[in-house]
Amino acid sequence: MCGNLKEWHVVLRTKDGNVALDFVDTTEIAQQILRPTIIDELLEYVNNRDNYYVSTSVVEVTSPDGEDYTDKQIYVLLAKSKRHGVAIGYLFGEFEIGDKVGLMILGLWPKEFSNIVKNDREAHLRALASILMSAEEWEAVDLAIPASNIPKNI
């Protein structure tokens, strides 16, 4: 992926106003299809972990090609490491693959994180596994979901 970086443009609503993040497109380097239950697991963690949060704050999503993905099942996962003090982010899209639904990593944030993944193709999966299995390693984990996706128990 030399030359121009392809980026997903995402706008999230926060209590201090909208924030725009550019996720480096990883559809060429991160081709694993993940199980969509990851989102369910994260939503469950919100109920029993003090450092996990969920919000319906995905305001706008634009693909690297300029296509509007705002009405699609797009999720943003942001996590801040306790040990390293750095924040990383994932842009997930839920897609039908044949007769199944899969979760695909569309982008990573910030650029430094995507650069690490270019050199170590498993780094993002290890970090994601840590977010799912080692809550104590993370200062804060925020899952932004589409407004149409609000679970009844939140």
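These figures come from a predicted structure and were not determined experimentally.

Enquirer: Could you give me a rundown of the pattern of salt bridges, with the residues and numbers involved?
Expert: Counted according to the given criterion, the structure contains seven salt bridges. Linking glutamate 137 and arginine 83 is a salt bridge whose minimum nitrogen-to-oxygen distance equals 2.4 Å. Of this pair, glutamate 137 sits in the loop between helix H3 (123-133) and strand E9 (138-144) while arginine 83 sits in the loop between strand E6 (74-81) and strand E7 (87-97), placing them 54 residues apart in sequence. Of the residues examined, glutamate 137 reaches a relative accessible area of 27% and is grouped as partly exposed.

Enquirer: Please provide a residue-by-residue account of the side chain of serine 114, values included.
Expert: On the secondary structure map, serine 114 appears in helix H2 (residues 111-119). Relative accessible area serves as the criterion here: at 1%, serine 114 is assigned to the buried category. Residue contacts for serine 114: discarding those within four places in its chain leaves Val24 and Leu108.

Enquirer: Account for the environment of valine 59, naming residues and giving values.
Expert: Here valine 59 shows up in strand E5 (residues 58-62). Along the primary structure valine 59 and proline 146 are separated by 87 residues, whereas in three dimensions their C-alpha atoms are 7.9 Å apart. With residues up to four places along the chain from it excluded, the contact list for valine 59 reads Val11, Leu12, Arg13, Asn18 and Thr70.

Enquirer: Can you tell me about the packing of helix H1 (residues 37-48) against H3, naming the residues and giving the values?
Expert: The interhelical angle for the contact between H1 and H3, taken along N-to-C directions, is 40 degrees, at an axis separation of 10 Å. Looking at the two axes, H1 sits oblique to H3. The residues of H3 that touch H1, namely those facing Ile38, Glu41, Leu42 and Tyr45, are Leu128, Ile131 and Leu132. When grouped by side-chain class, the residues that make up the contact of H1 with H3 number six nonpolar, no polar and one charged.

Enquirer: How would you summarise unusual backbone geometry if you had to cite specific residues and measurements?
Expert: The omega angle of the peptide bond from tryptophan 109 to proline 110 is -10 degrees, so this bond is cis rather than trans. Secondary-structure assignment places proline 110 in the loop between strand E8 (100-109) and H2.

Enquirer: Please set out the pairing of E8 residue by residue, giving values where relevant.
Expert: Each regular strand displays side chains that alternate between the two surfaces of the sheet. Where strand E2 (residues 17-25) lies against E8, two bridges are found, and the strand directions are antiparallel. The partner of aspartate 25 across the bridge, within E8, is glycine 107. Here strand E3 (residues 33-34) pairs with E8 via two bridges, running antiparallel. Within E8, the position partnered with isoleucine 33 by the bridge is methionine 104. Note: E7 against E8, nine bridges, orientation antiparallel. From the neighbouring strand, isoleucine 97 faces E8, where its bridge partner is lysine 100. The hairpin formed by E7 and E8 contains two residues between the paired strands, and glycine 98 there has a positive phi angle of roughly 65 degrees.

Enquirer: Can you tell me about the layout of surface pockets, naming the residues and giving the values?
Expert: Volume-wise, the largest pocket comes out at about 390 Å³. The wall of the largest pocket is formed by 16 residues, among which His84, Val86, Ile88, Ala127 and Trp138 lie closest to the centre. For the lining of the largest pocket, the secondary structure elements donating two or more residues are E7, H2 and H3. Broken down by element, the residue count for the lining of the largest pocket peaks at four residues, all from H3. Residues that form the lining of the largest pocket fall into these classes: nine nonpolar, three polar and four charged. Taken as a whole, the second largest pocket encloses approximately 330 Å³ of empty space.

What counts and how
- Residues numbered from 1 in each chain as written.
- Predicted model: local features only at pLDDT ≥ 70, side-chain atom pairs only at ≥ 80, totals over all residues.
- Heavy atoms only, no water.
- Salt bridge = Lys/Arg side-chain N within 4 Å of Asp/Glu carboxyl O.
- Helix = DSSP H or I, 4+ residues; strand = E, 2+ residues; numbered from the N terminus.
- Buried < 20%, exposed > 50% of the residue type's maximum accessible area, 1.4 Å probe, protein only.
- Contact = heavy atoms within 4.5 Å.
- Axes fitted to C-alpha atoms, helices over the stretch in contact; angles between N-to-C directions.
- Parallel < 35°, antiparallel > 145°, perpendicular 65-115°, else oblique.
- Nonpolar A, V, L, I, M, F, W, Y, C, P; charged D, E, K, R; others polar.
- Pairing = 2+ DSSP bridges.
- 1 Å grid on protein atoms, 1.4 Å probe; cavity = no way out; pocket = protein on both sides within 12 Å on 5 of 7 lines; lining within 4 Å.
- Points joined across faces, edges and corners; volume = space filled by probe spheres on them.

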